[in-house]
Amino acid sequence: MKRNVRLSALVLSLLLACASLAGCGAGPAASASASATLAAASASESPAASEASAQPVATTPDISKEANIITWIVGEEQPDSKIVYEKINALLKEKINATMEPRYTTWTDYMTKYQLVFASDESFDLASSYSFTGYNDLAMKGGYLEITMDDLKKYLPTYAADVNPQYLEEAKVNCKLYMIPTNAITSQLYPFAVRGDLMEKYGMTGLKTFDDIDKYLRLVAKNESGTIAYNASGADGGYSIFQRLFLEPQYEVITSLNVNGQPLFCIRKGDRTGTLLPVMKLPEYKAFIERMNEWYDLGIFSKNILSNEVSVGESFKSGKSAANLNNYKDVYSKIDAMQGEHADWKLQAYDVLPADTQYIGQPHTTGMGIHATSENVERSFMLINLLNTDKAVYDLMTYGIEGRHYVANGDSQYTNGPDFDKYNENTSAAWAVFSTPLSREPVGKPQSYYDMHDKLVKNTVAGLYPMFNFNQENVKAELAAVTNAYNSTFLPMACGVVKASEIDASYQKLLDSGLDKITTELEKQMAEFVKSHIQ
């Protein structure tokens, strides 16, 4: 699978050099560029640094010394991760004389873990980076190395020739690039996975709307004493349901201004004026929280939801939740992994949004970033290039060992291998290097999987604001205070614990913590963006 359009290195250079976004400035002083870091290292090692600096830079990096690239990955280590990385490292040793050492967070501590890791003196080289892990904030604090046009051309020539230049622009913070974003479409479709045996028990033949899901969960809560209907974690509650099914179908969210991955502001789809709407003040939000209050009171949520650190997906997989919401690939991956042991559950997945729902790709703030203090900058670049462009390395990282975790069907398809449940594309933590040109599509899935895929491809449209990136520099203290206020009010509200009647009072706490100043700064930057990009 190849991209229909490829840009020459010259065109890419011009696009990167001429790009101009709202809120551009000098950027965080603490962040160094890769070129500057390498130059400084070279100068410190050479007694004739000043003379050497006048000479042409070598075009081929020196890889004579083996490098170990320590890489932080969001997600849990999988049962077969170690043997997969042994295979990956064999290839990396051959190609760039390096190995990759993964370190993992969990799906419940990633936000805290990343803040601690970046703030500490821990030595590491790469981090899989996302908007929900605080990419913008960490970049502004100098946690990542700046990536320049010269770095792309020198270390990632294949990636640079293939990637859509807009993806690079969307990943910028204050006009500077701090990650290598995925070369992939970022829109997603989110179905519910449920137990078909329970549906049959309750006389339900299909789930077409969210009200149908609600009915199913109420019946489970009332009749199934050993199972939590929707066993969500305290870090999310029902918020993902709100964002995927109620917010994103009608609004463009401002992903660069969020608390723990939950956006604070949005803009109605098609609005070319940039009118910002607080998410917590939307009528849809109040109606949804009222529903979450009912779920908590009825036992659809666990009474211990605030202390629950296990994601709803993992609870569903272990039989402790009767439903799960996630992107369609992850949902079907979990269903596949569960079929052998729980075939009697008759697991099903249902898309409950209308057929004409439009999906807007999220900004490309998913990718790999290099730690600002990495001692292996050049090799880290080379590793990222291989992960994004080398088919053999990509297949191992994403799908596992051929014949064991997946069975190749040509270059662009696969079927599940005998150990699919021990390592696969939805558990491998390879999302940070996902590449549409290299990816494989599964064969042998239920027809509903392909229906969802086709709907997503057909209905994905371009948004107006994916390149807007909020510069937090002037309101960092206020954002920290608002985060604390949000976590004590709206986070438990999404779990159904705090009543919808408290929305106004809770929002006032955010304003008192500095949200008013943040809003003023956001409106200022948005006005500049609209003037330069839309009107």
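Provided above is the structure to which this section pertains.
Each chain carries its own residue numbering, running from 1 in the written order of its sequence. Residues qualify for local features only when their pLDDT is at least 70, as the model is predicted, and side-chain atom pairs are given and counted only at 80 or more; totals for whole chains, interfaces and linings, by contrast, use all residues. With hydrogens and water stripped out, all remaining heavy atoms of the structure feed into the side-chain values.

Q: Would you take a moment to explain the overall build of the chain for this structure?
A: Broken down by element type, the chain carries 20 helices and 20 strands. Across the 535 residues that make up the chain, the buried fraction comes to 54%. A separation of at least 24 residues holds for 77% of the contacts in the chain among residues at least 6 apart in sequence. Summed over its atoms, the accessible surface of the chain is roughly 22,400 Å², and 51% of this surface lies on carbon and sulfur atoms. Secondary structure elements are taken from DSSP: a helix is a run of H or I of four residues or more, a strand is a run of E of two residues or more, and numbering for both begins at the N terminus. Classification of residues uses two cut-offs on accessible area relative to the type maximum, computed with a 1.4 Å probe and protein chains only: under 20% is buried, over 50% is exposed, and between them is partly exposed. Every residue pair with non-hydrogen atoms within 4.5 Å of one another is taken to be in contact. All accessible-area figures derive from a Shrake-Rupley calculation using a 1.4 Å probe, and residue coverage is judged against the displayed protein chains alone.

Q: Explain helix H16 (residues 377-389) here, please?
A: Helical geometry note: an α-helix holds 3.6 residues per turn, so side chains three or four residues apart project in the same direction. Here, expected helix span is obtained from the residue count minus one, scaled by 1.5 Å. Between its first and last C-alpha atoms H16 spans 18 Å; for 13 residues at 1.5 Å apiece the expected length is 18 Å, and the two agree. Counting buried positions along H16 yields 11 of 13 residues, so the element is predominantly enclosed.

Q: Help me understand the pairing of strand S18 (residues 413-416), please; the structure alone is not making it clear to me.
A: Consecutive side chains of a regular strand alternate in pointing toward one face of the sheet and then the other. Bridge count for strand S17 (residues 406-409) against S18 is 4 bridges, and the pairing is antiparallel. Looking at the pairing, Asn 409 lines up with Gln 413 of S18. Between the antiparallel neighbours S17 and S18 lie 3 residues, among them Gly 410 with a positive phi of about 75°. Paired strands are those between which DSSP finds at least two bridges. The pairing of S18 with strand S19 (residues 441-442) spans 2 bridges and is parallel.

Q: What exactly am I supposed to notice about the packing of aromatic side chains here?
A: For any pair of aromatic rings, geometry is given as the distance between the ring centres together with the angle between the planes. Under the pairing criterion, centres of Phe, Tyr and Trp rings, with the six-membered ring standing for Trp, must be within 6.5 Å; the plane angle then separates stacked pairs below 30 degrees from edge-to-face pairs above 60, leaving the rest tilted. Taken as a whole, this structure holds 28 aromatic pairs when the rule is applied. With centroids separated by 5.6 Å and ring planes inclined at 80°, the aromatic side chains of Phe 468 and Phe 529 adopt a geometry described as edge-to-face. On the criterion of sequence distance, the pair formed by Phe 468 in the loop between strand S20 (460-461) and helix H19 (476-494) and Phe 529 in helix H20 (residues 503-533) is long-range, its members being 61 residues apart. Look at Phe 468 and you get buried, because its relative accessible area is 6%. Phe 529 gets classed as buried once you look at its relative accessible area, which sits at 1%. In this structure an aromatic cluster arises from ring pairing among Phe 192, Phe 210, Tyr 230, Tyr 239, Phe 242, Phe 246, Tyr 285, Phe 288, Trp 295, Phe 301, Tyr 486 and Phe 490.

Q: Whenever I open this one, the sheet that holds strand S6 (residues 180-181) confuses me. Can you help?
A: Strand pairing within a sheet occurs via backbone hydrogen bonds; the two strands may be parallel or antiparallel. Within the open sheet, the 5 strands sit side by side as S2-S1-S3-S16-S6. Their pairing is mixed. Only two strands of the sheet have a single partner each, and these edge strands are strand S2 (98-104) and S6. Judged from the 5 bridges that link them, strand S3 (residues 126-130) and strand S16 (residues 366-370) form a sheet pairing that is antiparallel. Pairing of Ser 129 across the sheet is with Gly 367, part of S16. Along the sheet face, helix H5 (residues 110-119) touches strand S1 (67-73) and S3 and points at about 145° away from the line of S1. To obtain each axis, a line is fitted to C-alpha atoms, and for helices this fit is confined to the stretch in contact; angles are then taken between N-to-C directions over 0 to 180 degrees.

Q: Any chance you could explain the sheet that holds strand S11 (residues 265-268) here in plain terms?
A: Taken in spatial order, the 3 strands of this open sheet run S8-S11-S12, and their pairing is antiparallel. Lying at the two open borders of the sheet, with one neighbouring strand each, are strand S8 (251-253) and strand S12 (277-278). Of the pairings in the sheet, the one linking S8 to S11 comprises 3 bridges and is antiparallel in character. Along S11, the bridge assignment pairs Glu 252 with Ile 267.

Q: Looking at this structure, how should I read the packing of helix H11 (residues 210-223) against helix H13 (residues 283-298)?
A: To describe two helices that pack against each other, one gives the angle between their axes and the distance between the axes. The interhelical angle for the contact between H11 and H13, taken along N-to-C directions, is 15°, at an axis separation of 10 Å. Regarding the angle of H11 to H13, the classification is roughly parallel. When the axes of H11 and H13 are compared, the crossing they make is left-handed. Within the contact between the two elements, H11 uses Phe 210, Asp 211, Asp 214, Leu 217, Arg 218 and Ala 221 and H13 uses Phe 288, Arg 291, Glu 294, Trp 295 and Leu 298. Three categories are distinguished: nonpolar for Ala, Val, Leu, Ile, Met, Phe, Trp, Tyr, Cys and Pro, charged for Asp, Glu, Lys and Arg, and polar for the others, with Gly belonging to the last. Looking at side-chain class alone, the contact of H11 with H13 contains 6 nonpolar, no polar and 5 charged residues. The scheme is simple: roughly parallel for angles under 35 degrees, roughly antiparallel for over 145, roughly perpendicular for 65 to 115, oblique for anything else. Take the far helix as your reference; a near helix turned counterclockwise from it by less than a right angle gives a left-handed crossing, and one turned clockwise gives a right-handed crossing.

Q: Explain the side chain of Asn 324 here, please?
A: One can find Asn 324 in strand S13 (residues 323-325). Not counting residues within four places of it along the chain, the set of residues in contact with Asn 324 comprises Pro 191, Phe 192, Ala 193, Tyr 230, Val 312, Gly 313, Phe 316, Asp 330, Val 331 and Lys 334.

Q: Explain the pattern of salt bridges to me, please; I cannot follow it from the model alone.
A: Any two side chains of opposite charge can pair, given that their charged atoms come close. Should a side-chain nitrogen of Lys or Arg be within 4 Å of a carboxyl oxygen of Asp or Glu, the pair is scored as a salt bridge. Taken as a whole and judged by the stated rule, the model has 29 salt bridges. For the salt bridge of Asp 330 with Lys 334, the shortest nitrogen-to-oxygen distance reads 3.1 Å. Residue Asp 330 and its partner Lys 334 are both found in helix H15 (residues 328-339); the two are separated by 4 residues, about one turn of the helix. The same class applies to Asp 330 as to Lys 334, namely buried. The salt bridge partner of Glu 473 is Lys 476, with a shortest N-O separation of 3.6 Å.

Q: What's the story with the environment of Ser 187 in this structure? I'm lost.
A: Along the chain, the position of Ser 187 falls in the loop between S6 and strand S7 (192-195). The exposure class of Ser 187 is buried, given its relative accessible area of 5%. Remark: the alpha-carbon pair of Ser 187 and Ile 360, spanning 173 residues in sequence, is separated by 5.7 Å. If we skip the residues at most four places from it in the chain, Ser 187 touches Tyr 359, Ile 360, Gly 361, Gln 362, Leu 456 and Thr 460.

Q: Teacher, can you tell me more about the packing of H15 against helix H18 (residues 447-459) here?
A: As a packed pair, H15 and H18 sit with axes 11 Å apart at the nearest point and diverge in direction by 170°. Relative to H18, the element H15 is oriented roughly antiparallel. Within the contact between the two elements, H15 uses Tyr 328, Lys 329 and Tyr 332 and H18 uses Ser 448, Tyr 449, Met 452, His 453 and Leu 456. When grouped by side-chain class, the residues that make up the contact of H15 with H18 number 5 nonpolar, 2 polar and 1 charged.

Q: Any chance you could explain the nonpolar core here in plain terms?
A: Generally speaking, a soluble globular protein has its nonpolar side chains buried in company with each other. In this text, buried Ala, Val, Leu, Ile, Met, Phe, Trp, Tyr and Cys residues form a nonpolar core when linked through side-chain atoms within 4.5 Å. Among the nonpolar cores identified, the biggest contains 89 residues, and Phe 192, Tyr 216, Tyr 230 and Tyr 285 are the most heavily contacted of them. The leading source of residues in this core is H20, at 9 residues. Contact partners of Phe 192, with chain neighbours within four places excluded, come to Phe 210, Ile 213, Tyr 230, Ile 241, Leu 245, Asn 324, Leu 325, Gln 348, Ala 349, Tyr 350 and Val 352. Membership of the second largest hydrophobic core comes to 62 residues, among which are Trp 72, Tyr 135, Phe 381 and Leu 387.

Q: What is the right way to read unusual backbone geometry from this model?
A: Comment: phi is negative for the bulk of residues other than glycine, and the bulk of peptide bonds are trans. Not every positive phi belongs to a glycine, and Cys 175 is a case in point at roughly 70°. Note on placement: Cys 175 falls in the loop between strand S4 (172-173) and strand S5 (176-177).

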